[in-house]
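# Observations on the model geometry
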Amino acid sequence: LASLALLGVVVLLALQTSNSSNVDNLSTYAHIYEDTPAGTVITLTTNGTFYQWVSSTVGEYRNMTPSAASDNVTALTSGIYYIESDVSWLGGASANYHWTLFHNGAEMASMECETAVGATPLTQNAGWSGIMAASAGDTLDLRVTASVDTKTATVYHVHFTVLRVF
């Protein structure tokens, strides 16, 4: 068993050193986040309209362009990406909220989550993950909408991570 494990490590190292594109694939990632104890308010004026999360901080990244100014991540190479997001937030009472990935300004309905807030608002946690194709220059960002007009989403903690897997 130990011999098989050692063989696996040797094969993995040989693949990584003989094919630099494998190393590049494993080294393409970006992370933007928020950690605001007082919260950042996103005003959701019109139901069904998505509003971008707008208070990010750039975390670790390599071979991608994360932007705190634009609150998004730009892919520098085409490929298949794993994307994950989680949000700790407080919404206005009696509404459904959708947190969704946007790809080049378009909603990616396959990468969203819905949270219902009852009559008494409580801090919520929402998260999703998925895999998608992206091209060099594509932008990815996180947005939210509510099912009722004139709501707010107060964001406390967000992690938005993009990792190229192939």
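Scroll up to find the structure.
The structure reproduced in this document is the subject of the present report. It should be emphasised that the depicted structure is a prediction, and the values quoted were computed from it without experimental measurement. (Residues numbered from 1 in each chain as written. Predicted model: local features only at pLDDT ≥ 70, side-chain atom pairs only at ≥ 80, totals over all residues. Heavy atoms only, no water.)

## So, the pattern of salt bridges
Counted only if it meets this: By convention in these notes, a salt bridge is any Lys or Arg side-chain nitrogen within 4 Å of a carboxyl oxygen on Asp or Glu. Summary of the burial criterion: residues with accessible area below 20% of their type's maximum are buried, those above 50% are exposed, and those between are partly exposed, where the area comes from a 1.4 Å probe applied to protein chains only.
Evaluation of the coordinates by the stated rule reveals one salt bridge. For Asp141, the salt bridge identified is with Arg143, shortest N-O distance 2.6 Å. Take Asp141 and Arg143: they sit in the same class, and that class is buried.

## Here we look at the pairing of strand 6 (residues 79–91)
Definition in use: By definition, two strands form a pair when at least two bridges between them are found by DSSP. Only runs of H or I of at least four residues qualify as helices and only runs of E of at least two qualify as strands under DSSP, and these elements are numbered from the N terminus.
Here strand 6 runs beside strand 9 (residues 123–134); their pairing, made up of 12 bridges, is antiparallel. Among the inter-strand pairings, Ile83 is bridged to a residue of strand 9, identified as Gly130. Where strand 6 lies against strand 11 (residues 151–164), 11 bridges are found, and the strand directions are antiparallel. Bridging from a neighbouring strand, Glu84 pairs with Thr161 of strand 11.

## Description of a nonpolar patch on the surface
Where we set the bar: Patches here: salt-bridge-free residues with over 30% relative accessible area, like charges joined within 9 Å, nonpolar side chains (Val, Leu, Ile, Met, Phe, Trp, Tyr) joined within 5 Å. Exposure was quantified through the Shrake-Rupley algorithm and a 1.4 Å probe, taking into account, for residues, occlusion by the shown protein chains and nothing else.
On the surface, a cluster of nonpolar side chains totalling about 460 Å² of accessible area is made up of Ile80, Ile131, Leu163, Val165 and Phe166. In this fold, Phe166 is placed in the segment after strand 11. Taking relative accessible area as the criterion, Phe166 reaches 63% and is therefore assigned exposed.

## A look at the sheet that holds strand 6
Heads up, the rule is: To get an axis, a line is fitted to the C-alpha atoms, and for a helix only the part in contact is used. The angle between two axes follows their N-to-C directions and goes from 0 to 180 degrees.
With respect to topology, five strands assemble into an open sheet ordered 3-1-11-6-9, the strand pairing being antiparallel. Where the open sheet ends on each side, the last strands, each with one partner, are strand 3 (57–62) and strand 9. Sheet twist, expressed as the average angle between the axes of neighbouring strands with direction ignored, equals 15 degrees. Inspection of the sheet shows strand 1 (residues 29–44) paired to strand 11 by 12 bridges, in the antiparallel sense.

## Quick notes on the pairing of strand 8 (residues 106–117)
Examined bridge by bridge, strand 7 (residues 95–103) and strand 8 share nine bridges and lie antiparallel to one another. Counterpart to His103 in the pairing with strand 8 is Ala106. Remark: two residues form the turn of the hairpin made by strand 7 and strand 8, two consecutive strands paired antiparallel; Asn104 in that turn has positive phi of roughly 55 degrees.

## Examining unusual backbone geometry
The backbone phi angle of Asp71 is positive, close to 55 degrees, even though this residue is not glycine. On the secondary structure map, Asp71 appears in the loop between strand 4 (64–67) and strand 5 (72–75). Residues other than glycine seldom take positive phi values, yet Asn104 does so here, at roughly 55 degrees. In this structure, Asn104 sits in the loop between strand 7 and strand 8. Residue Asn104 is classed as partly exposed on the basis of its relative accessible area of 43%.

## Side note on the environment of Met111
Condition: Any two residues having at least one pair of non-hydrogen atoms within 4.5 Å are treated as being in contact.
Locating Met111 in the fold gives a position in strand 8. Residue Met111 is classed as buried on the basis of its relative accessible area of 2%. A C-alpha to C-alpha distance of 6.0 Å links Met111 and Thr100, two positions 11 residues apart in sequence. Ignoring sequence-local partners within four residues, the contact set of Met111 consists of Ile83, Trp99, Thr100, Leu101, Trp128, Gly130, Ile131 and Met132.

## Some details on the side chain of Arg164
Worth spelling out the cut-off: Distance and chemistry together define a polar contact, namely a pair of N or O atoms within 3.5 Å, with one atom able to donate a hydrogen and the other to accept it when in protein, and with adjacent residues in sequence counting only for side-chain atoms on both sides.
Position of Arg164 relative to the elements: it lies in strand 11. A relative accessible area of 15% means that Arg164 is categorised as buried. Within polar-contact distance, the side chain of Arg164 engages the backbone oxygen of Ser78 at 3.0 Å.

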